[in-house]
Amino acid sequence: MAASYLQRLRDDTSKFLGNLSQTQKIGLGALSLVSIAALIALLIWAQQPQWATLYAELGSKDAALMVEYLKEKQILYQLRSQPQGTQILVPQQKVHDLRLEMAAQDLPKEGGVVGFELFDKDTMGITNNLFDLNYQRALAGELARTIMQMDAVERARVHLAIPKKQLFTQLEEPATASVTLRLKSGVTLSTEQVKGISKLVANSVPGLQQKHVSVTDTEGNLLYDSEMNEGENGQESTRVNGQRLEYQRTLEKRIRQDVEKILVQVVGQGNVTVQAKAELDFDKEETVSKEYTPTTGTKPNVVPAVRSEKESTENGQGSQTSPGGVPGVTSNIPTYQEVNGGSDNSFNRKEVVRNYEVPEVQTKRIKSPGQIRRLTLSVAINSLSPALNSGVSNLRPDDPILKNLRELAVGAAGLDSTRGDTIAIHALPFDDTSVRNEQEAMEQASNRDFWRNLLTTGAVSLGVLALLFVIYLAFGRRRVPTEGELVSEDSLLVQQNEGFALDDLPELPGLSEAAARRTRALRGLTQMAQEDPARMARLLRLWMTENN
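Cut-offs and rules
- Residues numbered from 1 in each chain as written.
- Predicted model: local features only at pLDDT ≥ 70, side-chain atom pairs only at ≥ 80, totals over all residues.
- Heavy atoms only, no water.
- UniProt positions renumbered as here; feature names shortened; annotations may be inferred.
- Helix = DSSP H or I, 4+ residues; strand = E, 2+ residues; numbered from the N terminus.
- Expected span 1.5 Å × (residues − 1).
- Buried < 20%, exposed > 50% of the residue type's maximum accessible area, 1.4 Å probe, protein only.
- Arc of directions from axis to C-beta.
- Contact = heavy atoms within 4.5 Å.
- Axes fitted to C-alpha atoms, helices over the stretch in contact; angles between N-to-C directions.
- Parallel < 35°, antiparallel > 145°, perpendicular 65-115°, else oblique.
- Left-handed = near helix turned anticlockwise from the far one by under 90°.
- Polar contact = N/O pair within 3.5 Å; in protein donor to acceptor, adjacent residues only side chain to side chain.

- With an unreviewed UniProt entry as reference, the chain is termed Flagellar M-ring protein, source organism bacterium.
- The chain has a UniProt comment under Function (unreviewed entry) that states "The M ring may be actively involved in energy transduction."
- A UniProt comment under Sequence similarities (unreviewed entry) is attached to the chain, and it reads "Belongs to the FliF family."

**Description of helix α6 (residues 191-204)**
1) Next: Helix length check: α6, at 14 residues, gives a terminal C-alpha distance of 20 Å against a target of 20 Å (1.5 Å per residue), a fit within 8%.
2) Next: When α6 is considered as a whole, its buried residues turn out to be Val194, Ile197, Ser198, Val201 and Ala202. Each buried residue of α6 lies within a common arc of 130° when the element is viewed along its axis, so the set occupies one face.
3) Next: Against α5 (128-147), β5 (175-183), β6 (208-217) and β7 (222-224) lie the buried residues of α6.

**Description of the packing of α5 against α6**
1) Next: Packing of α5 against α6 brings their axes to within 11 Å, and their N-to-C directions diverge by 150°. One way to sum up the angle between α5 and α6 is to call them roughly antiparallel. In terms of crossing hand, the pair formed by α5 and α6 is right-handed. Note on element contacts: α6 touches α5 through Ile197, Leu200, Val201 and Ser204, opposite Leu139, Leu143, Thr146 and Ile147.

**What to know about the side chain of Asn382**
1) Next: With respect to the helices, strands and loops of the structure, Asn382 is situated in strand β13 (residues 371-382).
2) Next: Here Phe430 takes part through its backbone nitrogen, which lies 3.2 Å from a polar atom of the side chain of Asn382.
3) Next: Here Asn382 is in contact with Asn271, Leu388, Leu428, Pro429 and Phe430, once residues within four sequence places are set aside.

Encoded structure:
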């Protein structure tokens with residue numbers, strides 16, 4: 001059966017190829033070669049592993065130890081250089097297992113940082129000086145590991161200077177510590193966090209005070225030193241200054257966003273740049289003012305209230321001798337020289353003093369710190385923006401479009417001319433080289449993905465078509481006798497051996513009368529063999545005897 005199938009397959013293939021023209025044969029051959037090449041490329045691409053980062057920004061020592069371990073385990077890896085070290089990539093499905101294995105091997109060693117595992121080994125026979133040195137090294141390593149647990153810290157290094165103990169305390173020198181931090185990209189530490197690090201180091205080393213701890217970053221910026229710990233006033237001043245600077249930046253950012261938000265709706269995204277500079281007044285002022293308003297004249301219907309009133313009356317009556325004599329001192333000292341005769345005197349005096357309430361308005365004003373003293377706004381607009389429709393690279397300052405944009409910016413920022421606020425707005429062509437380069441890079445990456453997906457899809461499609469073509473050649477090209485063509489008994493027997501029941505043979509048109517009789521006879525014999533096998537066996541033995 002298999003031999004007949006292969007024979008028929010070869011015959012069908014030869015006949016199919018014989019019916020093709022020379023051009024069709026060349027095209028079919030090229031299509032076959034492309035399909036095979038695409039399948040091979042697809043298999044190679046499918047076998048390539050998906051790389052994932054095992055560890056990044058490793059030191060040379062840690063990278064060498066990890067590479068040696070990967071070579072020993074015969075694991076594929078890739079190395080990439082980074083500004084802060086080396087990156088190791090491994091197949092994605094092995095990342096988690098390898099990290100666990102590396103941790104079991106104490107890798108990476110965190111930039112050579114060691115802790116109290118130094119004392120896990122036998123220290124028998126070690127000198128006191130070497131023990132103290134190892135203890136200081138282990139303590140510094142443990143502090144560095146603790147500091148590196150912070151989210152913002154990528155690497156840390158701690159240097160401890162612990163002097164030897166002296167017999168007299170006056171001769172002892174204070175212990176000092178220095179901490180160097182490498183922060184993650186785009187991350188900063190707040191003042192409280194830096195103080196927390198210095199406090200952590202100071203409380204972990206015996207005899208170390210916080211004022212003797214200094215913290216710096218890898219760029220040389222001083223984050224904390226003794227000058228920041230010279231009393232609570234200095235700490236409070238530093239904290240307040242930091243809060244003021246943060247508030248100023250937040251205010252400038254909010255103003256910039258407000259102006260950009262309204263201008264972007266006019267000129268489009270990427271066609272406007274705004275910068276705001278705020279000068280703030282953090283002085284706290286308290287003003288108390290009193291204002292007195294008279295009621296007479298201004299408000300005749302208002303009767304003033306009497307605050308206080310004093311009335312005094314004096315009456316008197318009697319006679320009085322008139323003075324007389326020679327004018328001069330002698331007549332006046334010691335007594336007056338009286339003359340004969342007198343006069344009757346009487347008097348009456350009344351005095352009234354009234355104090356009225358004066359209307360008083362007392363105003364107390366407290367100016368909170370952080371008020372805007374002066375605001376400066378700078379706005380740059382892309383003159384080549386389609387929204388401007390200017391057609392020129394520069395616009396005059398008195399252009400109506402710029403005037404409208406200026407009014408929008410002034411309103412959005414809340415500028416006050418009486419306060420001395422200023423605004424500068426200009427329309428200039430923007431340099432979009434970086435934007436174009438980024439767009440080109442994105443387009444190239446998109447094109448690469450498109451062609452990769454297209455080639456992958458094409459290869460799979462060609463493979464499927466080739467498979468369907470082979471199946472078609474194998475099973476789809478059944479040979480059907482044409483009109484006038486005879487069907488031989490051998491072909492019917494072959495079909496019977498291939499699984500076709502003779503009772504189900506179709507009536508083929510074009511058969512001769514002899515072939516039809518032969519077919520009917522064959523059907524009858526088949527039916528006889530099924531109904532009476534013993535009779536069929538005797539008939540076959542009789543035929544064999546006659547042939548012999």
